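Remarks on the overall topology
Given next are the chains, with one letter for each unit.
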Amino acid sequence: MEDALTPTHRQVPDKPTVDGLEERWTNQWDKEKIYRFNRDATRESVFSIDTPPPTVSGSLHIGHVFSYTHPDVVARFWRMRGKDVFYPMGWDDNGLPTERRVENFYGVRCDPALPYDPKYRPPEKPGKNKVSISRKNFVELCVELTATDEVAFKNLWRAIGVSVDWGFEYSTISKEAQTVSQRGFLQMLTRGEVYSAEAPTLWDIDFRTAVSQAELEDRERPGAYHRVAFDRADNAGTVDVDTTRPELLASCVALVAHPEDERYRPLLGTSVVTPLFGVEVPILAHELADPEKGTGIAMICTFGDTTDVVWWRELNLPTRAFIGRDGRFLPADFADDGWSVRDAELAQEFYDREMLNKTVNQARAGIVDALRSTGALIGDVREITHPVKFYEKGERPLEIVTSRQWFVRTLEHRDELLARGEELRWHPDYMRHRYRSWVEGLNVDWNISRQRFFGVPFPAWYPVDENGEIDFDHLMLAHDEDLPVDPSSDVPAGFTEDQRGVPGGFVGDPDVMDTWATSSLSPQIAGQWGTELFQRVFPMDLRPQAHDIIRTWLFATIVRSHFQFDSLPFSDTLISGFILDPDRKKMSKSIGNTVTPMPLIEQFGADALRYWAAGGRPGADTAFDEGQLKIGRRLGIKILNASKFVLGRLDDAEIPAPSEVTEPIDLDLLAMLAKLITAATDDYENYDYARALERSESFFWSFCDDYVELVKIRAYGEDDTAPRRSARATLAITLSVLQRLFAPIMPFVTDEVWHWWHQHSVHAAPWPTLQELPTLEVSGAGSTYGPVCEVLEAIRRAKSSAKVSQRAEVASVMVRAPAPFLASVALCQEDLMAAGGVATLTTREETELSVEVVLADSQSIGSQ
RNA sequence: GGGCGCUUAGCUCAGUUGGUUAGAGCAGCUGAUUUACACUCAGCAGGUCGGGGGUUCGAGUCCCUCAGCGCCCA
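Presented here is an overview of the structure given in this document.

Criteria and thresholds
- Residues numbered from 1 in each chain as written.
- Chains lettered and ligands numbered in written order.
- Predicted model: local features only at pLDDT ≥ 70, side-chain atom pairs only at ≥ 80, totals over all residues.
- Heavy atoms only, no water.
- Buried < 20%, exposed > 50% of the residue type's maximum accessible area, 1.4 Å probe, protein only.
- Helix = DSSP H or I, 4+ residues; strand = E, 2+ residues; numbered from the N terminus.
- Pairing = 2+ DSSP bridges.
- Expected span 1.5 Å × (residues − 1).
- Near = heavy atom within 4 Å.
- Nonpolar A, V, L, I, M, F, W, Y, C, P; charged D, E, K, R; others polar.
- Salt bridge = Lys/Arg side-chain N within 4 Å of Asp/Glu carboxyl O.
- Axes fitted to C-alpha atoms, helices over the stretch in contact; angles between N-to-C directions.
- Parallel < 35°, antiparallel > 145°, perpendicular 65-115°, else oblique.
- Contact = heavy atoms within 4.5 Å.
- Phe/Tyr/Trp six-rings, centres within 6.5 Å; stacked < 30°, edge-to-face > 60°.
- Core = buried A, V, L, I, M, F, W, Y, C linked by side-chain atoms within 4.5 Å.
- Left-handed = near helix turned anticlockwise from the far one by under 90°.

Of all 16 residues in helix α15 (residues 550-565), 14 are buried, a share of seventy percent or more. Trailing α15 by a residue or two, Asp566 shows a phi angle of about 50°, which is positive.

This paragraph deals with the sheet that holds strand β20 (residues 460-463). Taking strand neighbours across the sheet as the criterion, the 3 strands line up as β21-β20-β22 in an open arrangement whose pairing is antiparallel. Looking at which strands have only one partner, the edges of the open sheet turn out to be β21 (476-477) and β22 (506-508). Strand direction decides the pairing type here: β20 and β21, joined by 2 bridges, are antiparallel. Each bridged residue has a counterpart across the sheet, and for Trp461 the counterpart in β21 is Met476.

Attention shifts here to helix α23 (residues 785-801). Along its 17 residues, α23 runs 24 Å from first to last C-alpha, staying within 8% of the 24 Å computed at 1.5 Å per residue. Listing the buried residues of α23 in full gives Tyr785, Pro787, Val788, Cys789, Val791, Leu792, Ala794, Ile795, Ala798 and Lys799. Phi for Lys803, located one or two positions after α23, is positive at around 55°.

Below, the discussion takes up the protein's contact with RNA strand B. With respect to spatial proximity, 34 residues lie near RNA strand B, and among them Arg551, Arg634, Ile637, Lys638 and Arg649 are the closest. When the atoms of RNA strand B within 4 Å of the protein are sorted by group, sugar and phosphate make up 79%. Secondary structure elements with two or more residues in the surface near RNA strand B: α11 (432-440), α18 (626-648), α20 (689-715) and α23. For the surface near RNA strand B, the element with the highest residue contribution is α18, accounting for 8 residues. Grouping the amino acids of the surface near RNA strand B by side-chain chemistry returns 9 nonpolar, 8 polar and 17 charged.

Following the criterion strictly, the structure yields 56 salt bridges and no others. The closest approach of N and O atoms between Arg724 and Asp720, which form a salt bridge, is 3.4 Å. You can call Arg724 buried: its relative accessible area is 7%. Between Arg816 and Glu852 there is a salt bridge whose closest N-O contact spans 3.4 Å. Here Arg816, found in strand β28 (residues 810-817), pairs with Glu852, found in strand β30 (residues 850-855); they are 36 residues apart in sequence, far enough to count as distant. Of the residues examined, Arg816 reaches a relative accessible area of 17% and is grouped as buried. According to the relative accessible area criterion, Glu852 is partly exposed, its value standing at 28%. Each of Arg245, Glu247, Arg364 and Glu399 takes part in one network of salt bridges that share partners.

It is the contact of helix α3 (residues 62-80) with helix α17 (residues 606-614), at a shortest axis distance of 9 Å, that shows an interaxial angle of 85°. If you check the angle between α3 and α17, you find them roughly perpendicular. Contact residues: Ile62, Val65, Phe66, Thr69, His70, Asp72, Val73 and Arg76 in α3; Leu609, Arg610, Trp612, Ala613 and Ala614 in α17.

Take the environment of Gly20 next. Here Gly20 lies in the loop between α1 (2-5) and α2 (21-32). Accessibility expressed as a relative area gives 47% for Gly20, which makes it partly exposed. Spatially, the C-alpha atom of Gly20 lies 25 Å from that of Arg649, the residues being 629 residues apart in sequence.

As a further point, take the packing of aromatic side chains. This structure, assessed with the given rule, holds 45 aromatic pairs. When the ring of Tyr684 is compared with that of Trp767, the centres are 5.3 Å apart and the planes differ by 85°; the resulting orientation is edge-to-face. Of the two residues, Tyr684 sits in helix α19 (residues 664-685) while Trp767 sits in the loop between α22 (747-755) and α23, which places them 83 residues apart along the sequence. Tyr684 sits in the buried class, given a relative accessible area of 3%. The buried category is assigned to Trp767, whose relative accessible area is 3%.

A sheet is described by the order of its strands in space; here 3 strands give the open sequence β17-β25-β24, paired in parallel fashion. The open sheet is flanked by β17 (425-427) and β24 (540-546), the only strands paired with a single partner. When the angles between neighbouring strand axes are averaged without regard to direction, this sheet yields 20°. Judged from the 6 bridges that link them, β24 and strand β25 (residues 570-576) form a sheet pairing that is parallel. Within β25, the residue paired with Gln545 across the bridge is Ile575. Against the sheet, α15 makes contact with β17, β24 and β25, and its axis sits at roughly 165° relative to β24, the strand it touches most.

A separate point is the nonpolar core. One finds Ile62, Trp157, Leu673, Phe700, Phe703, Leu731 and Val813 to be the most contacted residues of the largest nonpolar core, which totals 126 residues. Of all hydrophobic cores here, the second largest spans 52 residues; its members include Leu418, Val439, Trp516 and Leu568.

The interhelical angle for the contact between α3 and α19, taken along N-to-C directions, is 125°, at an axis separation of 10 Å. As summarised for this structure, α3 and α19 are arranged oblique, according to the angle between their axes. In this structure, the crossing between α3 and α19 has a hand that is left-handed. The segment α3 lies against α19, with Val73, Phe77 and Trp78 engaging Thr681, Tyr684 and Glu685.

As for its position among the elements, Pro457 is in the loop between β19 (449-450) and β20. Linking Pro457 and Val512, residues 55 residues apart in sequence, is a C-alpha distance of 4.2 Å. With near-sequence residues (within four places) excluded, Pro457 lies in contact with Gln178, Gln182, Val485, Asp486, Pro487, Asp511, Val512 and Met513.

Structure, rendered in structure tokens:
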């Protein structure tokens with residue numbers, strides 16, 4: 001500890017500059033391996049960070065600088081506090097965003113039916129029409145492109161001084177991540193936490209994949225209410241139903257009204273007949289039916305939306321799902337036993353003519369015409385705007401199709417998951433509400449299978465029976481020691497490749513895992529689950545992330561850790577806000593208001609960007625402000641110059657010890673410094689780096705402008721006197737502390753100035769403590785400094801209003817004030833007179849404070 | 001519809017448990033200027049703390065209510 005703080009030399013450049021510090025110190029840190037994790041560390045001494053792996057297929061923007069600076073600042077603080085900081089870095093490269101980027105970048109499309117071409121190269125420029133290539137070729141291109149993307153990301157991370165240990169770099173498509181992911185899956189399966197089922201699934205008809213509840217978003221879309229008359233089965237009249245989706249009439253399995261709704265109560269338990277198809281369906285009651293909506297009675301179809309799924313499940317209704325994976329209507333058989341249909345032949349004929357193979361929109365047009373001509377459509381169609389569920393990356397409304405998917409049981413663990421959310425420490429605390437309302441609102445289990453290509457495959461195969469049918473009930477799983485496996489090229493135990501897809505043989509599970517199913521294991525991947533490392537770093541200390549992925553990444557990570565380890569995956573989470581453009585709009589590629597960071601680093605310096613980022617408090621959306629970059633740059637320059645000034649004059653002798661601080665003003669400054677250390681340390685421990693910065697910054701500017709000005713004549717005088725030694729010791733101590741307080745936020749400039757008088761990096765130096773200071777009475781801190789500065793200000797004000805130089809001579813100063821104030825001034829009288837160029841200073845005890853300043857060669861100027 | 005956050009100087013934001021005259025930076029204005037720093041320094045000006053009501057000796061801060069903005073969930 002002591003050694004790292006003891007100055008070894010003084011070597012101050014003539015013209016210090018903040019330009020070029022990034023490359024110099026980044027290289028030096030690499031060389032000295034400052035950020036390398038100590039693998040022998042015990043869990044107690046470790047501070048581990050569950051770094052967010054960014055989506056590398058996205059574009060780099062200023063938001064990355066913002067959100068990655070925050071955990072880095074925290075990491076640097078704890079490193080200086082003596083923790084063994086485990087700070088890995090990952091890249092999230094699997095998943096749909098990468099597939100889309102590859103499709104557009106190369107002009108290709110994956111067709112799993114095509115054979116692999118080992119010599120395939122994509123066209124130089126993407127053509128107008130996408131070229132179909134095999135799955136393996138497609139995946140190879142994904143791997144290739146993400147590798148170059150990752151280099152660009154890594155360059156930025158290094159440029160802004162993110163202090164990760166690059167020895168722990170991972171990517172979510174790597175073999176290691178796939179192994180962890182498949183192992184996690186197999187163990188969930190063993191414990192019964194995951195299941196596969198043929199079930200209603202949220203489905204994007206363009207991407208041809210299932211999506212999960214977390215990937216939904218509502219979009220306002222035009223729609224129309226159609227009032228449709230259903231004949232009562234007893235012919236006692238009609239029941240009118242408003243619907244926005246008349247094309248689902250064939251899938252109608254019931255009508256539903258609220259149990260308390262007097263209008264429909266008498267009808268509960270009776271039946272109606274669907275128009276056009278003549279299918280008899282019951283009228284049922286359910287709380288979710290909204291009496292205010294339309295006529296107050298709704299059609300339940302399998303499946304128009306997620307409410308239909310709830311009704312279908314809770315009311316035990318039959319399934320008549322006809323929308324296929326391409327969004328077109330599938331064949332229906334009205335002669336089937338499950339139907340209670342008046343005239344099956346007529347229904348079949350109508351369906352086959354107006355519905356079969358049609359898109360949703362085409363079928364709707366046909367149905368509406370037919371309803372109108374039969375008189376079942378009541379009144380006019382009423383156009384409305386209503387929220388429609390979309391896949392967040394999709395372009396057309398989601399459909400709900402029935403398909404076989406893998407689900408994680410989240411619903412039945414809702415209460416435990418809510419409790420985990422309460423257990424977690426959130427910064428800021430109010431972000432816990434986001435998690436709670438998400439978990440409370442879950443209505444389907446977490447679907448983790450995607451019908452896509454670039455992802456982690458499910459380590460499973462199914463037997464094919466003698467008739468060529470897939471037997472989903474007799475799953476064949478990979479063995480742990482064989483992981484990772486790809487069931488599309490690997491073969492299950494006891495089979496050979498030539499048995500693939502033939503009767504009596506097998507097929508591999510065709511799907512890949514949702515990207516969150518892998519990234520939710522980031523602590524296991526980064527911490528190398530299964531090795532000795534894992535016990536040293538898990539559960540992690542900190543999960544930093546943005547608030548938009550609380551319902552996905554944070555939630556999913558908690559689910560996995562709760563199941564696997566019966567614990568939280570991390571004790572604290574630090575939620576960062578979004579970056580807004582200067583007009584306070586969210587930055588996004590589509591609006592075109594994103595800001596590219598690299599040119600800003602060149603213009604202002606990485607420290608300036610970090611300064612701006614560190615000003616954003618946890619959770620607060622922050623506007624991008626170039627003005628803040630200028631101020632950050634200015635602060636960096638000031639740190640250089642102040643350090644140069646202090647150290648440049650201390651190069652001819654030893655720096656006096658703390659015990660040699662004897663002058664009251666010096667002791668008072670150190671008392672204030674002690675308060676600053678305590679407060680800033682407290683701020684950092686509570687993840688309030690912004691406040692720590694603010695305190696340090698304001699102390700630093702006062703130190704430069706007031707304290708240094710006050711003592712510079714005493715400190716740099718000719719004779720080696722006790723007052724001179726007192727000032728020199730104070731300057732050295734304060735500078736040392738301030739350089740370290742700024743180090744987490746401005747790592748480049750602080751390491752530059754630290755090396756002017758120390759051998760090793762400031763980032764390996766200990767965090768400042770009160771033990772470094774002389775013994776002090778802290779409670780009255782500022783009682784001398786404050787009054788002295790007030791008099792100094794009065795002198796400056798007098799000079800400023802007389803429009804003369806601050807160096808102008810002052811003939812006399814008269815201070816009138818209460819006794820304690822005068823006593824403080826007296827303690828620092830010589831410094832004050834020297835700093836102000838004052839010839840004579842007199843005091844008089846009075847209740848009101850006033851300072852009278854008489855400039856040399858001038859009129860008396862009074863001021864208060 | 002439910003929830004969360006925000007609303008303080010022209011702009012960006014601090015303001016810890018209610019307690020002197022509400023702070024900072026930027027921008028503006030007035031000046032200074034060779035001995036650390038023009039990427040500087042000093043000074044000035046600028047606010048009925050979103051509106052209304054309440055609790056209190058005392059409210060930017062606590063309570064109620066209204067309005068606007070943003071986000072989350074349904």
